[in-house]
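Structure assessment
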Amino acid sequence: MLNELCGAIAEAEPRAEILDFKNAEDVLEAINGGVIPDVVFSDIRLPGIDGLHLAVRIKELAPEARIVLVTAYSQYALEAYRRHVNGYVLKPVDAAAIREELDHLPKLPEPEPDKLQVQCFGRFEVFWHGEPLRFERRQTKELLAFLIDKEGASCTAEEIAAALWERDTNMRAVKANIRLLLSDLKKTLRSVGMSDALIRSSGQAAIRRGRVDCDYFHMLEGDTASINLFHGEYMSQYSWAELTEGRLHFLIR
């Protein structure tokens, strides 16, 4: 039966790389060892763990794997779908039945576009593909922090100046510095292909939230794991962030 199944899969999808296993334990061992299947075809009646329980274990180890159960007994269909199995093939199996199941399997989600990884809890830090993003100027990083603190809302030069240069009354010089920092931030983001994360329009600036993966944003959306990451400190190197820090304390009470 295993040979017949492999032959039907190969005929239905000639480009497939097919790995065959005689029992569930070997399947789980392979997945634990790094084999991540796109589709698993499994008989329901197996030695040891049966196919229904195997489906549950596979979903735990490889959540994106699609699972098709193969059996001669149609009464298992309801239980199979209850366990979030993606397909069901009755014996005798042929290439046409396999092809039909493959065509109707749910598509894997498209990978999300790259995002800046931003840490706001504790000290403010920015990462790109796991590595710290390098800023030429210290205040360029602080400007990005301020824009993220504003959650994607547009900020005027006056608002930025009040936070980053609270004691400087020479607004002409301050605005020149802001233009310089915005240009430097655009250059920094462009170096990692993320220049569209910064929005500049009519003398205002904002961060595009959809291009940032941020613990602060996740917390505002009610994500429990992100809420648990907050231990009382928010962008701790910036004094202007204390207002938001106080608001976060109030939110988690």
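Residues numbered from 1 in each chain as written. Predicted model: local features only at pLDDT ≥ 70, side-chain atom pairs only at ≥ 80, totals over all residues. Heavy atoms only, no water.

1. Topic: the overall build of the protein
Within the protein one finds eleven helices and ten strands. In terms of overall size, the protein is more extended than a compact globule, its C-alpha atoms giving a radius of gyration of 27 Å where 253 residues would be expected to give roughly 18 Å. Across its three principal axes, the protein shows a C-alpha extent of roughly 85 × 40 × 30 Å. Burial analysis of the protein (253 residues in total) assigns 40% to the buried set. Relative to all contacts within the protein whose residues are 6 or more apart in sequence, the contacts with residues 24 or more apart total 55%. (Helix = DSSP H or I, 4+ residues; strand = E, 2+ residues; numbered from the N terminus. Rg over C-alpha atoms; globule rule 2.2 N^0.38 Å. Buried < 20%, exposed > 50% of the residue type's maximum accessible area, 1.4 Å probe, protein only. Contact = heavy atoms within 4.5 Å.)

2. Quick look at the state of the cysteines
Scanning the entire structure with this criterion turns up zero disulfides. Unpaired in terms of disulfides, Cys 120 finds its nearest cysteine sulfur in Cys 214, a separation of 3.5 Å. In this structure Cys 120 comes out as buried when scored by relative accessible area, which is 0%. (Disulfide = S-S within 2.5 Å.)

3. Describing the sheet that holds strand E9 (residues 204-207)
The strands that make up a sheet are held in pairs by hydrogen bonds between backbone atoms, and each pair lies either parallel or antiparallel. Pairing is antiparallel in the open sheet, where three strands are placed in the order E7-E9-E8. Single-partner strands in this sheet number two, and they are strand E7 (155-156) and strand E8 (198-201). Pairing geometry for E8 and E9, over four bridges, is antiparallel. Among the inter-strand pairings, Arg 200 is bridged to a residue of E9, identified as Ala 205. Of the strands in this sheet, E7, E8 and E9 touch helix H6 (residues 138-149), which is tilted by about 75° from E9. (Pairing = 2+ DSSP bridges. Axes fitted to C-alpha atoms, helices over the stretch in contact; angles between N-to-C directions.)

4. Looking at the layout of surface pockets
Its volume calculated, the largest pocket comes out at about 1,000 Å³. As for the largest pocket, its lining consists of 39 residues, of which Ile 9, Leu 19, Val 39, Val 40 and Phe 41 are closest to the centre. Residue assignment for the lining of the largest pocket shows that the elements contributing at least two residues are helix H1 (2-12), helix H2 (24-32), strand E1 (39-43), strand E2 (66-71) and helix H5 (95-104). In terms of residue count, the dominant contributor to the lining of the largest pocket is E1 (five residues). In terms of residue class, the lining of the largest pocket is built from 26 nonpolar, two polar and eleven charged. (1 Å grid on protein atoms, 1.4 Å probe; cavity = no way out; pocket = protein on both sides within 12 Å on 5 of 7 lines; lining within 4 Å. Points joined across faces, edges and corners; volume = space filled by probe spheres on them. Nonpolar A, V, L, I, M, F, W, Y, C, P; charged D, E, K, R; others polar.)

5. Brief notes about the pairing of strand E4 (residues 116-119)
Every second residue of E4 is oriented toward a common face, the buried set being Leu 116 and Val 118 and the non-buried set Gln 117 and Gln 119. In the sheet, E4 pairs with strand E10 (residues 212-214) via three bridges, with the strands oriented parallel. Its bridge partner being in E10, Gln 117 is matched across the sheet by Asp 213. Strand direction decides the pairing type here: E4 and strand E5 (residues 125-128), joined by three bridges, are antiparallel. From the neighbouring strand, Val 118 faces E5, where its bridge partner is Val 126. Taking the residues between adjacent antiparallel strands as the criterion, E4 and E5 are bridged by five residues, where Gly 122 takes a positive phi near 80°.

6. Re the confidence of the model for the protein
Confidence in the prediction of the protein, expressed as mean pLDDT, is 88, and 92% of residues score 70 or more. Per-element confidence in the protein is highest for H6, whose mean pLDDT is 97, and lowest for helix H4 (residues 77-82), whose mean pLDDT is 55. (pLDDT = per-residue confidence, 0-100.)

7. What to know about the side chain of Asp 149
In this fold, Asp 149 is placed in helix H6. Reaching out from Asp 149, the side chain makes a polar contact with the side chain of Tyr 234 at a distance of 2.7 Å. (Polar contact = N/O pair within 3.5 Å; in protein donor to acceptor, adjacent residues only side chain to side chain.)

8. Things to note about H1
Within H1, burial applies to Leu 5, Cys 6, Ala 8, Ile 9 and Ala 12. When H1 is viewed along its axis, its buried side chains cluster within an angular range of 160° and face the same direction. Opposite the buried face of H1, by more than 90 degrees, sit the exposed residues Asn 3 and Glu 11. Buried residues along H1 sit against E1, E2 and H5. (Arc of directions from axis to C-beta.)

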